[in-house]
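Tertiary structure, described
Single-letter residue listing:
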Amino acid sequence: MEGAAQDAALAEVKKHWSKGADGWITARNSGTSFAPVRFIREMRDLTVEGVRAADLTEADKMNGLEWAGEVSFKQSPCREAGDQGILLDGLANVTVFRQRGQWTQWVDFQPERVQIQKAKGKWQVHQDTWLLRGSVPGPDDFANAGVK
């Protein structure tokens, strides 16, 4: 079941990231519709580090839950380009400012775990997590960031 959980988590990640020449890229907007802060983020690698199952209660099982747990990803270099802001929302071990027209320096980053469960035969991935907040970038996203 852990292998299936890993596959389901990776499939969901690939809906938000695309593979590029230097790594995996996602487009983000950390602002609002009135004041967007648009940028692209690139992770050198998105590799699963491990899968951990959670204990299910009898009530969980009676409610159709077959498996629950989390998938962790390995630390990897990350960078951003686009509207001004702090790289990785200030979560990196250094303070680096993002700007339009050039990539920031690469910094090592550990993405948070992805919560996943299987209920009534279907995999469900918790969407409010760092890896799943972006979308596959299009030409407009690269144009806004000022990089290729």
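Use the structure listed above.
A short tour of the structure in this document, coming up.

Before going further, it helps to examine the sheet that holds strand 11 (residues 122-125). Read from one edge of the open sheet, four strands run 4-5-10-11, paired in antiparallel fashion. Sheet topology places strand 4 (48-53) and strand 11 at the edges, where each strand pairs with a single neighbour. Taking the axes of each pair of neighbouring strands and ignoring which way they run, one obtains an average angle of 25 degrees across the sheet. Of the pairings in the sheet, the one linking strand 4 to strand 5 (residues 65-73) comprises five bridges and is antiparallel in character. Bridge pairing in strand 5 links Ala53 to Gly69. Helix-sheet contacts for helix 1 (residues 2-13) involve strand 4, strand 5, strand 10 (114-119) and strand 11, and the interaxial angle to strand 5 is about 60 degrees.

Glancing now at the sheet that holds strand 2 (residues 24-29). The strand order across the open sheet built from five strands is 1-2-3-6-9, with neighbouring strands paired in antiparallel fashion. If you trace the sheet from one side to the other, it starts and ends with strand 1 (18-19) and strand 9 (107-109), each paired once. As judged from the six bridges shared by strand 2 and strand 3 (residues 38-43), these two strands associate in the antiparallel manner. The residue of strand 3 that forms the bridge with Ile25 is Glu42.

Quick look at the environment of Asp89 now. As for its position among the elements, Asp89 is in the loop between strand 7 (85-86) and strand 8 (97-98). Along the primary structure Asp89 and Ala35 are separated by 54 residues, whereas in three dimensions their C-alpha atoms are 16 Å apart. Those residues in contact with Asp89, other than ones at most four positions away along the chain, are Arg28 and Arg41.

Cut-offs and rules
Residues numbered from 1 in each chain as written. Predicted model: local features only at pLDDT ≥ 70, side-chain atom pairs only at ≥ 80, totals over all residues. Heavy atoms only, no water. Pairing = 2+ DSSP bridges. Helix = DSSP H or I, 4+ residues; strand = E, 2+ residues; numbered from the N terminus. Axes fitted to C-alpha atoms, helices over the stretch in contact; angles between N-to-C directions. Contact = heavy atoms within 4.5 Å.

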